[in-house]
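# Structural overview
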Amino acid sequence: MIFERKTLIAVRQFQKFTLKLACLSLLTAMLARIAAAQDTVSFNRDVLPILSQNCFSCHGFDQAGRQASLRLDTADGLVEPADSGEAAVVPGHPEKSELIRRILSQDPSERMPPPETEHLLSESQKQILTNWVAAGAPFQPHWAFIPPGAIPLPKTTVAHPIDSFVQSRLDQEGIEPSPRENDAALLRRVSLDLVGLPPTLEELETFLQQSTVNRQQAYLDAVNRLLDSPHYGERWARWWLDQARYADSNGYSIDAPRQIWKFRDWVVESLNADQPFDQFTIEQLAGDLLPAATQRQQIATGFHRNTQINQEGGIDKEQFRVDSVFDRVATTGTVWLGLTIGCAQCHDHKFDPISQTDFYRMFAFFNNQEEPTLKVYEPGIDAPELASQLKSTEAKLDAIVAERAAAFQAWESSLTAEEISKMSNSVRKILATDQDKRRPEQVRELFAVEVGKIDSEFQDLLQTADELQGQIEGVTTTLVMQERSEPRQTTVLIKGDFTRPATAVTCGTPSVLHEFHPASDQANRLDLANWIVDPNNPLTARVIVNRVWQVYFGKGIVETENDFGSLGSLPTHPELLDWLAREFQGRMKWSLKELHRTIVTSHTYCQSSVAREDLAEIDPNNYLLARQQRLRLEAEIVRDTALAASGLLSLKMGGPPVFPPIPDGVMNLGQIKRSWKVSAGEDRYRRGLYTFVYRATPPPSLNVFDAPDGFSTCTRRSRSNTPLQALTLLNDAAFFECAQALAERVEKLGAETVFRVCTARIPTEEEMHVLEQLDANSVARVLLNLDETVTRE
């Protein structure tokens with residue numbers, strides 16, 4: 001009997017198999033590693049339908065509260081005797097295997113699965129397990145834990161590698177791919193996907209004209225132009241910021257504003273520069289630990305400062321610090337490894353070979369940081385030099401004060417109560433302070449009131465000092481990570497309770513994955529980052545290419561994009577996934593732009609999204625990719641598209657978040673009423689990426705179109721379809737402004753041209769007949785509310 005690498009096999013029925021372990025359930029998932037004899041049984045045909053739930057480990061706590069576990073998702077765990085001395089599986093000996101005895105038992109108290117689960121194994125299913133044990137119980141790790149090997153391209157008639165994999169699968173099913181999308185719709189599709197903005201009429205006309213000469217070259221030129229656009233970084237930064245759980249407030253009930261937009265700008269700039277994804281990863285996880293770390297590399301560590309901060313009174317700060325570390329471990333596991341590592345916080349993972357000890361060894365990497373605020377100086381500003389100049393200027397001011405000490409003292413002594421009463425609050429406070437307790441800056445302020453007022457040298461120096469102080473203090477700040485000089489001790493926490501430390505652990509990685517080789521005895525986040533992007537890591541490249549693929553097709557090759565573990569979906573095109581992963585690491589050298597270029601130039605991407613009757617029964621969910629997928633635009637792109645169509649959009653990049661119009665009363669919904677001063681000028685019409693987002697009270701127009709809240713990592717946005725979305729497009733203040741501006745374009749350009757601006761196509765006669773019955777304002781509101789306007793075809 002052998003294993004089939006690409007199959008996810010799991011047993012979900014075995015849930016109460018007790019081997020004299022107090023309070024433990026033996027959750028037997030070894031069938032997740034079994035395939036029947038190749039010549040007699042097909043796993044996909046015969047075994048997989050039997051299995052409906054993965055159960056991989058037996059775990060619990062002894063009387064002292066320590067976790068005890070028996071793992072059956074590893075080769076050793078299958079045959080390791082329990083406390084009773086019995087082993088679940090004795091390879092080659094079904095008669096000695098507790099598993100086989102239990103599934104064949106007639107005693108309801110011993111039978112597996114338990115009768116109360118109402119899951120009964122058929123005789124043939126029991127025979128499959130018995131034959132597997134008799135054949136030696138061969139074991140192979142879960143497919144995602146095996147590094148992708150070299151993948152030859154299928155022999156097909158198509159040239160593009162992606163198309164060859166997809167066509168090979170379609171050929172097996174006897175399905176033809178869809179024809180190529182029409183040029184106008186294709187340009188709109190790729191523009192929205194790569195830069196998050198629809199093409200302008202000028203770009204559309206140029207593309208259509210070039211396509212008549214050389215269709216393929218015109219499209220390739222358009223793709224390259226879009227990838228070179230600075231707006232590419234804005235569009236794909238939003239994809240990454242979802243995963244970074246980015247928002248502009250601290251969360252929890254107080255939800256105070258925070259300043260971390262420099263991290264957002266760092267992401268935009270890094271993506272535009274096509275920073276290799278391995279370096280992109282290293283700088284975010286451990287930029288501060290790189291040799292001679294630059295200010296930009298320190299800013300990058302803001303990735304893990306996007307956790308919430310609880311500012312309520314009476315809290316235990318250590319509890320919420322630990323909660324932040326929990327979040328960092330879980331987020332790292334989800335974003336880069338595609339594993340639900342956070343499930344091992346309280347006990348061994350029930351379905352994947354990740355122990356609670358593995359979790360706390362990962363926890364140790366993120367338990368040794370301070371969480372400072374970094375002052376960020378603009379390029380060209382030398383902060384140390386400014387500080388030196390300020391110190392020198394203040395010394396000169398103090399020298400002048402000392403030279404005229406007698407006059408200064410005489411003036412102060414002569415002041416009357418009436419004169420003092422007419423002075424500013426600040427000066428009165430200084431005068432009320434004993435002279436020997438006044439700070440140097442207070443002495444200078446008091447001296448400037450009268451004695452220094454007529455001293456031109458003093459006044460010039462004072463102005464210089466004020467300017468220098470303003471440059472130093474008026475800088476932007478951002479939240480970063482910084483390693484502690486003295487590391488904290490990390491222990492396993494019993495049931496995840498920070499008040500119940502158990503065994504001490506050191507930094508380490510899940511044992512089921514590739515080996516961890518730290519650079520020194522004291523491992524840190526830089527070692528972890530290097531381990532994550534190690535070429536031997538079977539997960540990172542697969543997870544990232546799958547998540548990029550998901551943006552283009554609505555679902556990943558592995559549909560459960562955040563779970564490549566045993567409960568996750570099987571890849572629909574496993575060879576394609578592995579080929580993309582190896583290309584991404586190898587030929588592409590971790591270039592996201594090259595990955596995008598490879599995907600969007602395939603016929604699989606360029607084909608029509610029109611639904612087909614022949615696919616309705618064969619492949620209703622489009623797993624085989626015989627057509628493209630219509631996708632509702634993301635929340636920010638819905639806004640950006642309306643602004644672009646109306647001509648209001650500001651393409652200004654970077655800087656502090658902005659405050660577009662939102663409905664009245666929104667900021668009253670949190671525990672603390674926050675102000676929302678609507679931005680003036682072009683900031684009112686900036687891209688959605690730059691909108692200020694409170695976690696507790698996000699802008700409704702983003703929320704209603706399924707934008708994430710920033711409380712936890714988001715690797716895939718929901719796509720809902722609700723009446724509230726239509727009402728938002730009609731009545732929200734920001735969209736109403738867009739409609740008013742679009743109405744002016746209707747009056748100037750005509751309804752037909754504006755229809756084309758919104759949809760990239762010419763309206764039909766019937767559509768024009770409807771629009772001609774409406775006034776300009778109604779035409780504008782209709783066009784902004786079209787399904788076609790807010791959908792990527």
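Overview of the structure. Keep in mind that what you see is a predicted model, and the values were worked out from it rather than measured.

### Some thoughts on the overall build of the chain
Tallying secondary structure elements over the chain gives 33 helices and 10 strands in all. Oriented by its inertia axes, the alpha-carbon framework of the chain measures out at about 110 × 80 × 45 Å. A burial count over the chain gives 54% of its 793 residues as buried. Approximately 34,400 Å² of the chain is accessible, and the part contributed by carbon and sulfur atoms is 50%. Positive and negative side-chain charges of the chain, numbering 81 and 107 respectively, have mean locations separated by a distance of 2 Å.

### Describing the side chain of Gln297
Within the element layout of this structure, Gln297 appears in helix α12 (residues 295–300). Within polar-contact distance, the side chain of Gln297 engages the side chain of Glu283 at 3.4 Å. Gln297 has contacts with Gln279, Glu283, Gly287, Asp288, Leu290 and Ala292, leaving out every residue within four places of it along the chain.

### Focus on the pattern of salt bridges
Under the criterion given, the structure shown has 48 salt bridges. Put simply, Arg716 and Glu561 hold a salt bridge, and the shortest N to O gap is 3.2 Å. You can see Arg716 sitting in the loop between α28 (700–703) and α29 (723–731) and its partner Glu561 sitting in the loop between α22 (540–553) and α23 (574–585), a full 155 residues away along the chain. Exposure remark for Arg716: the relative accessible area of 38% places this residue in the partly exposed category. The buried category is assigned to Glu561, whose relative accessible area is 2%. Arg717 serves as the salt-bridge partner of Glu636, at 2.8 Å between the closest nitrogen and oxygen. In this pair, Glu636 is assigned in helix α27 (residues 635–646) and Arg717 in the loop between α28 and α29, connecting sequence segments 81 residues apart. The same class applies to Glu636 as to Arg717, namely buried.

### Thoughts on helix α8 (residues 215–228)
Its 14 residues place the ends of α8 20 Å apart at the C-alpha level, agreeing with the 20 Å of an ideal helix rising 1.5 Å per residue. Here α8 has its buried residues at Ala218, Tyr219, Ala222, Val223, Leu226 and Leu227. Contact partners of the buried residues in α8: α6 (183–195), α7 (201–213), α9 (230–243), α24 (592–600) and α25 (603–606). Measuring from the backbone nitrogen of Gln216 back to the side-chain oxygen at the start of α8 gives 3.3 Å, which picks out Asn214 as the cap.

### Looking at helix α14 (residues 356–365)
Taken across its 10 residues, α14 has eight buried, putting it largely inside the fold. Every buried residue belonging to α14 is among Gln356, Asp358, Phe359, Tyr360, Met362, Phe363, Ala364 and Phe365, and all of these are buried.

### Here's the deal with the packing of α22 against α23
Look at α22 against α23: their axes get within 8 Å of each other, and the N-to-C directions meet at 110°. Our classification of the angle between α22 and α23 gives roughly perpendicular. Counting all contacts with α22, which are made through Ala541, Arg542, Ile544, Val545, Asn546 and Trp549, the residues of α23 involved are Leu576, Leu577, Asp578, Leu580, Ala581, Phe584 and Gln585. Looking at the contact of α22 with α23, its residues break down into nine nonpolar, two polar and two charged.

### A look at the packing of aromatic side chains
One pass over the structure, following the stated rule, counts 34 aromatic pairs. Taken together, a centroid distance of 4.7 Å and an interplanar angle of 50° make the contact between Phe692 and Tyr694 tilted. For Phe692, a relative accessible area of 6% translates into the label buried. Overall, Tyr694 belongs to the buried group, its relative accessible area being 5%. Positioned above the aromatic ring of Tyr219 is the side chain of Arg180, whose terminal nitrogen or guanidinium carbon lies 5.3 Å from the ring centre. The ring centre of Tyr605 lies 5.7 Å from the NZ or CZ of Arg189, which sits over that ring.

### Points about unusual backbone geometry
With an omega dihedral of -10°, the bond running from Met112 to Pro113 counts as a cis peptide bond. Tracing the sequence through the fold places Pro113 in the loop between α3 (98–104) and α4 (123–134). Even without glycine at this site, Asp255 takes up a positive phi of about 50°. Tracing the chain through its elements places Asp255 in the loop between α9 and α10 (261–272). Residue classification places Asp255 among the buried positions, given a relative accessible area of 3%. For Asn622, which is not a glycine, the phi torsion comes out positive at approximately 60°.

### Brief notes about the pairing of strand β4 (residues 373–376)
Because side chains alternate across β4, one face comprises the buried residues Leu374 and Val376, and the other comprises Thr373 and Lys375, none of which is buried. One ladder, built from four bridges, connects β4 with strand β5 (residues 476–479); its direction is antiparallel. Note on β5: the bridge partner recorded for Thr373 is Leu479.

### Topic: the state of the cysteines
Two cysteines, two sulfur atoms, one covalent bond between them: this is a disulfide. Under the counting rule described, the total for this entry stands at zero disulfides. Not part of a disulfide, Cys343 finds its nearest cysteine sulfur in Cys346, a span of 9.6 Å.

### Examining the side chain of Gln629
Summarising the element assignment, Gln629 is placed in the loop between α26 (613–618) and β9 (631–632). One polar contact links Gln629 to Asn622, side chain to side chain, over a distance of 3.2 Å. With sequence-adjacent residues up to four places away left out, Gln629 is seen in contact with Phe553, Ser609, Asn622, Arg792 and Glu793.

### Quick notes on the nonpolar core
One finds Leu194 and Phe584 to be the most contacted residues of the largest nonpolar core, which totals 153 residues. Among the elements that make up this core, the one with the highest residue count is α22 (nine residues). Not counting the four nearest positions on each side in its chain, Phe584 is found in contact with Phe277, Ala541, Ile544, Val545, Lys589, Trp590, Ser591, Leu592 and Leu595. Ranked by size, the runner-up nonpolar core spans 25 residues in total, among them Phe447, Ala448, Ile472 and Val475.

### What about the environment of Glu788?
Within the secondary structure layout, Glu788 lies in the loop between α33 (776–784) and β10 (791–792). Considering only alpha carbons, one finds Glu788 and Thr759, 29 residues apart in sequence, at a separation of 6.3 Å. Discounting residues that sit within four places of it in the chain, Glu788 has contacts with Arg188, Thr759, Arg761 and Glu793.

### With respect to the packing of α6 against α8
Viewed as axis vectors pointing N to C, α6 and α8 meet at an angle of 20°, and their least axial separation amounts to 10 Å. For the element pair α6 / α8, the angle class is roughly parallel. The way α6 lies across α8 gives a crossing that is right-handed. Taken together, the residues of α8 that come into contact with α6 (itself represented by Asp183, Leu186, Leu187, Val190, Ser191, Leu194 and Val195) are Arg215, Tyr219, Ala222, Val223, Arg225, Leu226 and Leu227. In terms of residue class, the contact of α6 with α8 is built from 10 nonpolar, one polar and three charged.

### Overview of a nonpolar patch on the surface
There is a patch of nonpolar side chains on the surface, built from Val770, Leu774 and Val782 and spanning about 210 Å² of accessible area. Tracing the backbone shows Val770 in helix α32 (residues 765–772). Residue Val770 is classed as partly exposed on the basis of its relative accessible area of 47%.

Conventions and cut-offs
- Residues numbered from 1 in each chain as written.
- Predicted model: local features only at pLDDT ≥ 70, side-chain atom pairs only at ≥ 80, totals over all residues.
- Heavy atoms only, no water.
- Helix = DSSP H or I, 4+ residues; strand = E, 2+ residues; numbered from the N terminus.
- Buried < 20%, exposed > 50% of the residue type's maximum accessible area, 1.4 Å probe, protein only.
- Areas by Shrake-Rupley, 256 points an atom, 1.4 Å probe, with all protein chains shown as cover.
- Lys, Arg positive; Asp, Glu negative; His and termini not counted.
- Charge placed at Lys NZ, Arg CZ, Asp CG, Glu CD.
- Polar contact = N/O pair within 3.5 Å; in protein donor to acceptor, adjacent residues only side chain to side chain.
- Contact = heavy atoms within 4.5 Å.
- Salt bridge = Lys/Arg side-chain N within 4 Å of Asp/Glu carboxyl O.
- Expected span 1.5 Å × (residues − 1).
- Axes fitted to C-alpha atoms, helices over the stretch in contact; angles between N-to-C directions.
- Parallel < 35°, antiparallel > 145°, perpendicular 65-115°, else oblique.
- Nonpolar A, V, L, I, M, F, W, Y, C, P; charged D, E, K, R; others polar.
- Phe/Tyr/Trp six-rings, centres within 6.5 Å; stacked < 30°, edge-to-face > 60°.
- Lys NZ or Arg CZ within 6 Å of the ring centre and 35° of its normal.
- Pairing = 2+ DSSP bridges.
- Disulfide = S-S within 2.5 Å.
- Core = buried A, V, L, I, M, F, W, Y, C linked by side-chain atoms within 4.5 Å.
- Left-handed = near helix turned anticlockwise from the far one by under 90°.
- Patch = residues over 30% accessible without salt bridge, like charges linked within 9 Å, V, L, I, M, F, W, Y side chains within 5 Å.

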